[in-house]
Protein chains: 2
Amino acid sequence: MDRQKGIDVMFDPKSIAVIGASATKGKLGNDVMRNLIDSGFGGRIYPVNPKAGEILGHQAYRAVNDIASDVDMAVIVIPAKYVLTVVKQCAEKEVKALVIITAGFKEIGHEGAEAEKEIAKVAEEHGMVMLGPNCLGIINTHAPYNASFSAGTPSKGTIAFASQSGALMTGILDWSLMERIGFSKFVSLGNKAQLDEADLIQAFGRDPDSTFVLLYIESVVDGRKFMDVCKKVVQKKPIFVIKSGVSQAGARAASSHTGSLAGSDTAYDTAFKQSGVSRATSMAELFDIANVFDDMHLPAGNQVAIITNAGGPGIITTDACEAHGLEIAELSQNTVELLREELPPAAAVYNPIDALGTAQPEDYALCTEAALRDEKVDSVLVLVTPQAMTKETETAQVIVESHKKYPDKPLLAVFMGGNSMVYPRIVLTDGGIPVFDFPERAVNALAELYQYVLNRDSVKDESIPKYKADTDRVKEIIQEVREDERRVLLGSEAHAIAECYGIPVAKIRLATSAEEATAKAEELGYPVVLKIASPDIVHKSDIGGIKVGLKTPREVEAAFLEIVENARKHMPKAIIYGVDVQEMAEEGKELIIGCSRDVQFGPLIMFGAGGIFVNYLKDIAFRLAPMTRSDASELMKETKIGTLLEGVRGEPPSDIVAIQDTILRISQLVTDFEEIVELDINPAFAYEKGKGVSAVDVKITIGGEK
Amino acid sequence: MDRQKGIDVMFDPKSIAVIGASATKGKLGNDVMRNLIDSGFGGRIYPVNPKAGEILGHQAYRAVNDIASDVDMAVIVIPAKYVLTVVKQCAEKEVKALVIITAGFKEIGHEGAEAEKEIAKVAEEHGMVMLGPNCLGIINTHAPYNASFSAGTPSKGTIAFASQSGALMTGILDWSLMERIGFSKFVSLGNKAQLDEADLIQAFGRDPDSTFVLLYIESVVDGRKFMDVCKKVVQKKPIFVIKSGVSQAGARAASSHTGSLAGSDTAYDTAFKQSGVSRATSMAELFDIANVFDDMHLPAGNQVAIITNAGGPGIITTDACEAHGLEIAELSQNTVELLREELPPAAAVYNPIDALGTAQPEDYALCTEAALRDEKVDSVLVLVTPQAMTKETETAQVIVESHKKYPDKPLLAVFMGGNSMVYPRIVLTDGGIPVFDFPERAVNALAELYQYVLNRDSVKDESIPKYKADTDRVKEIIQEVREDERRVLLGSEAHAIAECYGIPVAKIRLATSAEEATAKAEELGYPVVLKIASPDIVHKSDIGGIKVGLKTPREVEAAFLEIVENARKHMPKAIIYGVDVQEMAEEGKELIIGCSRDVQFGPLIMFGAGGIFVNYLKDIAFRLAPMTRSDASELMKETKIGTLLEGVRGEPPSDIVAIQDTILRISQLVTDFEEIVELDINPAFAYEKGKGVSAVDVKITIGGEK
């Protein structure tokens, strides 16, 4: 069965068996049974326990096969060693969805991992979807059912939440009950032996009860699948993620600039960005955003109206808006006139609207509704400070009423204070208005929602360009390098590979003697560059391994000898293949274009300011391959050099299209050849518009045999 | 009387008169009386009201002069028009401190401002200190007294708080009562007609009841005084500030690079940094930090131990620590062995310590005390998630006990969850342990406290270097420019001023004809540079106003004509003084050194990567003048070019000392001459160590007559 269809059954089963159900309090099998019963599940509940009898009022069965009717879903809470047998029984019984709560698999080591694989294989073969093992379970507040051992059931809401940490879910559930945040689905991913975050995100995307997707993950199972799913789902609903833990890629020592500059988290950050997923910086922020989104529409633009009864908090809010890319709306003439007529003369009727410390509930109603009605306003922030004449609760009530009249525009409240604001805050929350204690958190949450709108619209359904390439020749070169038992390609080899993909490179010839060097120089034409050819020497210029601007045979000869001597002196153990003789490219703007490879997400392309100071300037940006032309364009624009290339201060623009082409050709090369684990072009010279680029120094490292 | 002595009286008066006291509920004069009585003030209370009689059990007086005994402090809550008269009466009565709550002064316009000045003048002449007008009042929880119209009195604590916004204080007071945060002093600054933030900070610094200074300000009255006071106070206690609102400097259009690159908030940011003041990014953060500091010692280093009962939250906390510059401590062998012996085998005994979901209170006690004892640990974070076997309240209790045994090391708790954590959190708070709902906020607060330790230690008591300078010649040049009714100096003038302060500049001569240009070129020696000399043309290269590397009289002649033509073509209205002929400096690393002037803080020095792309590279940093050599050194290190100048990738180091000297000479120049409102040296070429620098293009703009 199709996984998504399987998840549909899991989300809305007509019958649930609890295998390992127990009548004994304190046992997980008892917790699950009680949760299931208490959650008001309307379908059939079948406890399964070798002792049979009755459990919490439901007839128990010795085994799942003993149940006469169909079983849609089985929740498994038995010791790990029995799980495989039971899963096989479920397959026989044609159960469609498994929730394996039992722990003691991959997380305890190799043996557990093998057992887990075996179970997943059985599930896969029999078309069963499977959550876990080692998870808290799953809750659907709309079905409704709670098939987990959680302490309590979340309130019904529209947030779909999946988490890789069960403990975190427990904490969040407890907290959400206090904060009155509702969920639609509450899914513990566990070890992700079969169903992973991408499967759930896809299902959340189709789920009519969910408007917002929240994730806590420590890793993704399949980077490409994750990105493909997210790109589609974000078109319909926001995905916000907390990603913690260091990626495995970070552990590998990098020999290229690109590898060393891509931090352990760069691939995740890039993947999120490229697929429209928003990354929250903290748990608190994640739920601030969820809190706003749960009840509200998305802001159509970034124009904010602020209503306050005190100057200071108004200023703080204005500052926060500006810091987060939101703008203080210029109110329409109608609004201003209405406020001027109705408010006291000392009130500020431009934005922020200061209704003064004496503001009464009706003043707040007037201002809030005027702002909600105003077409120049995309969202409204209402601030209340507890002053002598402030009626906090009544003010909360009128704000709720205003929201009911104009429900389409985001409306957030900031009720600054403590004890006197407790009840008003409940009034607002129950009225569907997100409320905060300080302005900055409200502004941040609103800004994140607006950012989602921008992210969503930036994910384009654009095709990946396909250039003609001589892949056979590339295969040959790689084969030769392998036969030579090398990982690092010689300059001549790397340049040849680049040429196979149509990248304009400086021509290069390997010379093994001073005489050969002068001969090759004659062939290429003066001036030339000489570079040490050794797979062991990565930073050639640091050891005097490069000589540029050589104009005569005599200069070439002298340079050859000096380079070889420098290499012998500084790196006596390096294997030296000779010296590369290279045609001297005309100088242009120095760029770096490179690629490293992430374990989860594959080829990670870097672009930025090149030259020997790359590591110090750090003017770089990243995208995951394969890339579209928009990706290449945005990648360039993220860097400062990208702006300079467009031509500033009277300089002519550089050949932007040729640079994009080079990036896209690299993207295609490293997508075609997984063997290429690192690639650096540094520098590539960019010339004026129409004059192209030239890859001056190409370095390639390949991995072991596949 | 000395202001600080006056504040001492204000902080601890023996007698307080409430001028405008009222028996009528709802009047501010009634609120103040009730707060004063309810706060348990032990001194004499004198209500003053024209109707006399008795107010809230205290005999009232018609006027302050009618009181027979001494009056230390007078709180004034009468209509604005009577305030001056009453202040004069207070002067006669030899009152020492005034708290003017009355509004209707500077904030309502010119007339109010004049009245305010008059009142401040009387106070100053008679040696009275004066808070306000237009303020909420002042509270000292240790005296104790509450001389304000606040709704409620804050709990006794060690945080001294001063705020420019009364409404904000009201909100914070209410909130602090709920969050159980205590204050020592609670001061509303109002219009700051006399006492300003710096006076209060200085007093908080001396106050034995205050260990922590919090500020909310929208502006400072005197930048230099503020910095001087803060530098001293941060040596003893942390100062955290929320600064909102846009500085006035932002409004002025800037013609220099430095001016345009210094944002409206740069001077404040720089002032805070240079004086060891920490800037909080939000109200919530400010109070998170206060919450931690209120009860805790400062961390001695950045090594953190994390104790948890679940993996996910442990990972999140680890990530947060790394993001904030805190390190996960390597536990000492003793600790690891103890934990391995006592905890279940599956527990993680390295840091983070995972005592597993089954962790009982005694396990938490064991881990917490082991971490607190460990010499390799500077602070401890205890995380608790509500799992099936978790005893939240008992766990809170043992953590409090552990803290009592080892009170010298910061100990923070994160109890993730909602309803089940409410009571445990109270236990912790009452036990002096700051507690948070999510890990990131706890980590952020801890990191900010550690950052304070670093800031404090970075503020050095170092003298300002004093270079020999020809100030008379500078005065002459400025006078000549003024007589010429210009603001922008010609290149030759600007270079001459730089030379007066010992800055090595490329020599420059003004030529008004092609013939004169060749003559000057002969005098300076070839090659030369020609630049348009016009106060109206700021970005010369943009209009073809610069020609470099001119080697012959013929080239100079051609360049002269072309430059003048370009200028006429592109800027036909520009006044052209001729063309500057300049000796061609040997190329070096391009720097920019500049200065703009901030309204509050004076000269703001900028250093960074120079050249025509300054605005795009934005590799710049700022310091306020006058500067010490350490300031100059740190300023350089904040930029990427600063690292490159130290010599990387086999390059020789640049002449760091000469660059510092140039920065310090500029600092002295703009401190000596307030007329200089903007100054740019761009580029200055930096050469190898020992070979100095050369200022190639110096631009100076002067302001109007003082």
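Per-chain numbering applies: the sequence of each chain, read as written, is numbered from 1 onward. Each chain is given a letter, starting from A, and each ligand a number, starting from 1, according to the order in which they appear as written. For a predicted model such as this one, the threshold for reporting local features is a pLDDT of at least 70, and the threshold for listing and counting side-chain atom pairs is 80 or more; totals across whole chains, interfaces and linings nevertheless cover every residue.

> What am I meant to see in the overall build of chain A here?
Secondary structure is summarised from DSSP: a helix means a run of H or I of at least four residues, a strand means a run of E of at least two, and numbering begins at the N terminus for each. Counting its secondary structure elements, chain A contains 24 helices and 30 strands. Taken over the C-alpha atoms alone, chain A extends approximately 95 × 80 × 40 Å along its principal axes. To assign burial, the other C-beta atoms lying within 10 Å of each residue's own C-beta are counted, with C-beta atoms placed from the backbone; 20 or more indicates buried, 12 or fewer indicates exposed, and intermediate counts indicate partly exposed. In chain A, which comprises 706 residues, the share counted as buried stands at 57%. The long-range share in chain A, meaning contacts at least 24 apart out of those at least 6 apart in sequence, stands at 72%. By the criterion used throughout, residues are in contact when their C-beta atoms, derived from the backbone, lie within 7 Å.

> Sorry if this is basic, but what is going on with the interface of chain A and chain B here?
The figure often quoted for interface size is the accessible area lost as the parts come together. The interface is formed by 51 residues belonging to chain A together with 53 residues belonging to chain B. Put simply, the parts of the chain that give the side of chain A that touches chain B at least two residues each are α5 (166–179), α10 (283–295), α11 (311–323), α16 (439–458), α21 (614–617) and α23 (640–645) of chain A. With ten residues, α5(A) is the single largest residue contributor to the side of chain A that touches chain B. Any residue outside Ala, Val, Leu, Ile, Met, Phe, Trp, Tyr, Cys, Pro, Asp, Glu, Lys and Arg is labelled polar, Gly included; the first ten of those are nonpolar and the last four are charged. The residue makeup of the side of chain A that touches chain B, split by class, is 22 nonpolar, 19 polar and ten charged.

> I'm lost on the domain arrangement of chain A in this one. Help?
All names here are of chain A. Each domain's limits were defined by an automated method or a database of domain assignments. Domain annotation for chain A reports domain 1 (3–245), domain 2 (292–458), domain 3 (471–583) and domain 4 (589–702). Each of domain 3 and domain 4 has a C-alpha centre, and the two are 22 Å apart. At the junction of the two partners, domain 3 supplies 18 residues and domain 4 supplies 18 residues. Class assignment for the residues of the side of domain 3 that touches domain 4 results in 13 nonpolar, four polar and one charged.

> Explanation requested: the pairing of strand β26 (residues 602–609) of chain A in the structure shown.
Along any regular strand, the residues point their side chains to alternate faces of the sheet. All names here are of chain A. Of all eight residues making up β26, seven are buried, and the element is well covered by its neighbours. Connecting the antiparallel pair strand β25 (residues 589–598) and β26 is a turn made up of three residues. At least two DSSP bridges between two strands are needed for those strands to be called paired. As defined by bridge partners, β26 adjoins strand β27 (residues 620–624) across five bridges and the pair is classed as antiparallel. Bridged to I605 within β27 is R623.

> Where do I start with helix α24 (residues 656–672) of chain B in this structure?
Since the α-helix advances by 3.6 residues per turn, residues separated by three or four positions end up pointing in the same direction. All names here are of chain B. The length a helix should cover is 1.5 Å for every residue beyond the first. Between its first and last C-alpha atoms α24 spans 24 Å; for 17 residues at 1.5 Å apiece the expected length is 24 Å, and the two agree. Burial within α24 is extensive, with twelve of its 17 residues counted as buried. When we look at burial in α24, the residues that qualify are I659, Q660, D661, T662, I663, L664, R665, I666, S667, Q668, L669 and V670. In the core, the buried residues of α24 are packed alongside β25 (589–598), β26 (602–609), α22 (629–637), α23 (640–645), β28 (676–686) and β29 (693–695).

> Hey, could you run me through the relation of the copies chain A and chain B in this one?
Residues below a pLDDT of 70 in either copy are left out; the C-alpha atoms of the rest, at least 70 in both, set the least-squares superposition of the copies. The transform that puts chain A on chain B rotates by 180° and translates by 0.1 Å along the axis, for an RMSD of 0.2 Å. The operation mapping one copy onto its partner corresponds to a two-fold rotation axis. Within chain A, the C-alpha atom positioned nearest to the axis of rotation is that of A:L617, 4.8 Å from it. In this assembly the copies share their binding face: 100% of the residues contributing to the interface of chain A also contribute to that of chain B.

> Looking at this structure, I do not really get the pairing of strand β18 (residues 379–384) of chain B. What am I missing?
Residues and elements named next belong to chain B. Within β18, six of the six residues are buried, leaving the element largely enclosed by the surrounding structure. Residues of β18 alternate between two faces, with S379, L381 and L383 on one and V380, V382 and V384 on the opposite face, all of them buried. Looking at chain direction, strand β15 (residues 303–308) and β18 are connected through four bridges and run parallel. Across the sheet, V304 pairs through a bridge with S379, a residue of β18. Of the strand pairs in this sheet, β18 and strand β19 (residues 411–415) are connected by five bridges, and their pairing is parallel.

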